[in-house]
Amino acid sequence: MEFRKLGRSGWEISAVGLGAMPLSLKENRPDEKQAIGVIRGAIEAGVNLIDTADAYCRDDGEAGHNERLIGKALNELPGNEKERIVVATKGGHVRPEGRWETDGRPEHLREVCEASLKNLGLEAIPLYQFHRPDPEVPMADSLGELKKLKDEGKILNVGISNVTMSEIENAEKVVEIISVQNRFSPNHRSPETDGTFAICLARNIAFLAWSPLNGMEEAKKLGEAVPDVQEIAANHGVSAQALTLAWLLGKGPNIIPIPGASRVESIRDSVKATGVRLSLEEIVRLDTCWKQ
Ligand SMILES: NC(=O)c1ccc[n+]([C@@H]2O[C@H](COP(=O)([O-])OP(=O)(O)OC[C@H]3O[C@@H](n4cnc5c(N)ncnc54)[C@H](OP(=O)(O)O)[C@@H]3O)[C@@H](O)[C@H]2O)c1
């Protein structure tokens, strides 16, 4: 496993993280035993970054579902292995009747952060991310509360998600930002041109790429109709999915893709990306073929 830095925190994290969302949100989600097996399997494969959110649940009635699975998996780890795992959770989305709505009010963020601590069975959250700016609440107010939670020791690092370049710049005026989590995949390449990836690279902020395999619905079809992807993947002896993650890893030293998995085979395959070294010619071919 290759390790990378979690931005300015200097923490060593696996270059590929586990996106835990499908364990709660996939149509036929696994039962609890299987879900914990996926988390365990990821850790056994060398992953030490696990991404979750209080909102990874079917609706508000089961808020924290995904975090509780992770909490249980961590508690079953032998010795002090739990301390090695960097859990990255989020607050700021709510799921009334299964809808995705934002709530960035400081009092809400405090309440859900404290619930996340309980769900995860942790005394401090390694990385707490503001899930999405709330149009009804100034972002500085939301982040101001996260700064207070950090000062109180409940959060160790603060990240933001689904943000623009200017939101990253303004957020840094309120609290030190360790990571940005935005969508980045073959079918969603805006970070390359909208300044978000560039500013993270320049400021040593980790960039966590969400839905890196084009999302839960599209991941299995990835590269099926793209001959260059098929050929380069075969040359390296990896799947189109692992090749895609290797291509993303090549975008810069600060990028950490967080592929989702509801089956242990998926994350085992995904971590193979860290062993792939692409030539410049292959990178150019992939950059070009995904655009078609
Ligand atoms: N910040 C945000 O707003 C936001 C939004 C969306 C997602 N996220 C985060 O990003 C993570 C990843 O996004 P995502 O889960 O939506 O999409 P994704 O990672 O693009 O795709 C996930 C799907 O890919 C499949 N997969 C993974 N590795 C594979 C492999 N090597 N070979 C074949 N299939 C593979 C999995 O299938 P199986 O289910 O069969 O294992 C899984 O269902 C989420 O889990 C979540 O943590 C964040």
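Residues numbered from 1 in each chain as written. Predicted model: local features only at pLDDT ≥ 70, side-chain atom pairs only at ≥ 80, totals over all residues. Heavy atoms only, no water.

Observations concerning the site of the ligand
Right, on to step 1. If you check the shell around the ligand, you find 31 residues, and the closest are Lys26, Asp51, Gly260, Ser262 and Ser266.
Right, on to step 2. Between the ligand and Asp51, the relevant distance is 2.6 Å, taken from an oxygen atom to a side-chain nitrogen or oxygen of the residue.
Right, on to step 3. Among the detected pockets, the ligand sits in the largest pocket.
Right, on to step 4. No other element matches helix H10 (residues 264-270), which puts three residues into the shell around the ligand.
Right, on to step 5. Of the residues belonging to the shell around the ligand, the class tally is 12 nonpolar, 13 polar and six charged. (Near = heavy atom within 4 Å. Polar contact = N/O pair within 3.5 Å; in protein donor to acceptor, adjacent residues only side chain to side chain. 1 Å grid on protein atoms, 1.4 Å probe; cavity = no way out; pocket = protein on both sides within 12 Å on 5 of 7 lines; lining within 4 Å. Sits in = over half its atoms within 2 Å of the grid points. Helix = DSSP H or I, 4+ residues; strand = E, 2+ residues; numbered from the N terminus. Nonpolar A, V, L, I, M, F, W, Y, C, P; charged D, E, K, R; others polar.)

Here's the deal with the packing of aromatic side chains
Right, on to step 1. With the rule as written, the count across this model stands at five aromatic pairs.
Right, on to step 2. On the numbers, 6.0 Å between centres and 65° between planes, the contact of Phe184 with Phe197 is edge-to-face. Placement of Phe184 in the loop between strand E10 (177-183) and helix H7 (196-203) and of Phe197 in helix H7 is noted, with a sequence separation of 13 residues between them.
Right, on to step 3. Using a relative accessible area of 0% as the deciding quantity, one classes Phe184 as buried.
Right, on to step 4. With relative accessibility at 8%, the residue Phe197 sits in the buried group.
Right, on to step 5. Look at Phe184 and Phe207: their rings are 6.0 Å apart centre to centre, the planes differ by 80°, and that puts the pair in the edge-to-face class. A residue pair is termed long-range when its members are at least 10 positions apart, and Phe184 in the loop between E10 and H7 and Phe207 in strand E11 (residues 206-210) qualify at 23 residues. The same class applies to Phe184 and to Phe207, which are both buried. (Phe/Tyr/Trp six-rings, centres within 6.5 Å; stacked < 30°, edge-to-face > 60°. Buried < 20%, exposed > 50% of the residue type's maximum accessible area, 1.4 Å probe, protein only.)

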